[in-house]
Amino acid sequence: MADGSSYNVKLYIYDVSKGLARQLSPMMLGKQVEGIWHTSVVVYGEEFFYGGGGIASCFPGGTILGMPDSTVDLGNTEVPRDLFQEYLSSLRESTYRPEKYHLFEHNCNTFSSEVAQFITGTKIPSYITELPSEVLATPFGQALRPFLDSVTITPSGNNGMNGYGQL
């Protein structure tokens, strides 16, 4: 990197169930689930995420989900912002197009993990990425799968990639 800059990278974690998963999962799934996780990656002063609308960004905490329930410091990156934007553009045109979103197999968490791996060499915590398979392994998860396969989560931010995100 020419200028030697280093940027902090954080994982924002939101429980989209707002605590209901923790309360109802033992009864419904037969096991404790702490939350239903939506994640995003915060770097260069922006929050980047993927949903049914594709890749988007906003000011940190600027999605309709508000401020995250927790954050994980993923370390620092020396990847220049322009290279990161090129990387996101390629993902947006191929792997993370809106129509490729799938609640269990190709979602915000797979996006966050792939982006974190690219900029820090570290994936996001496995308790987040393994949750869909844990839920689907239960009888209730299997019964709900046809319905859940049709669900798309789109936590729109205040600005799309062509606004603040400049993509």
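Residues numbered from 1 in each chain as written. Predicted model: local features only at pLDDT ≥ 70, side-chain atom pairs only at ≥ 80, totals over all residues. Heavy atoms only, no water.

Caption draft 1: Representation of the nonpolar core within the structure. Residues Val43, Phe84, Leu88, Leu91, Phe111, Val115 and Ile119 are the most contacted members of the largest nonpolar core, which totals 33 residues. Looking at this core, the elements that each hand over two or more residues are β1 (7–15), α1 (20–29), β2 (37–43), β3 (46–51), α2 (81–93), α3 (108–120) and α5 (131–136). Ignoring sequence-local partners within four residues, the contact set of Val43 consists of Tyr7, Asn8, Val9, Phe48, Thr77, Phe84 and Ile119. (Core = buried A, V, L, I, M, F, W, Y, C linked by side-chain atoms within 4.5 Å. Buried < 20%, exposed > 50% of the residue type's maximum accessible area, 1.4 Å probe, protein only. Helix = DSSP H or I, 4+ residues; strand = E, 2+ residues; numbered from the N terminus. Contact = heavy atoms within 4.5 Å.)

Caption draft 2: Representation of the sheet that holds β2 in the model. Strand order in this open sheet of 5 strands is β4-β3-β2-β1-β5, and the pairing throughout is antiparallel. Pairing within the sheet leaves two strands with one partner each, and these edge strands are β4 (54–58) and β5 (70–77). Each strand axis lies, on average, 25 degrees off the axis of its neighbour in the sheet, ignoring direction. By the bridge criterion, 7 bridges tie β1 to β5 in an arrangement that is antiparallel. In the sheet register, Lys10 faces β5, and the bridge partner there is Asp73. The strands that α3 touches are β1, β2, β3, β4 and β5; relative to β2, the one it contacts most, it runs at about 30 degrees. (Pairing = 2+ DSSP bridges. Axes fitted to C-alpha atoms, helices over the stretch in contact; angles between N-to-C directions.)

Caption draft 3: The arrangement of a nonpolar patch on the surface in detail. Judged by side-chain polarity, Leu20, Leu24, Met27 and Met28 come together as a nonpolar surface patch covering roughly 380 Å² of accessible area. Within the fold, Met28 resides in helix α1. Of the residues examined, Met28 reaches a relative accessible area of 37% and is grouped as partly exposed. (Patch = residues over 30% accessible without salt bridge, like charges linked within 9 Å, V, L, I, M, F, W, Y side chains within 5 Å. Areas by Shrake-Rupley, 256 points an atom, 1.4 Å probe, with all protein chains shown as cover. Salt bridge = Lys/Arg side-chain N within 4 Å of Asp/Glu carboxyl O.)

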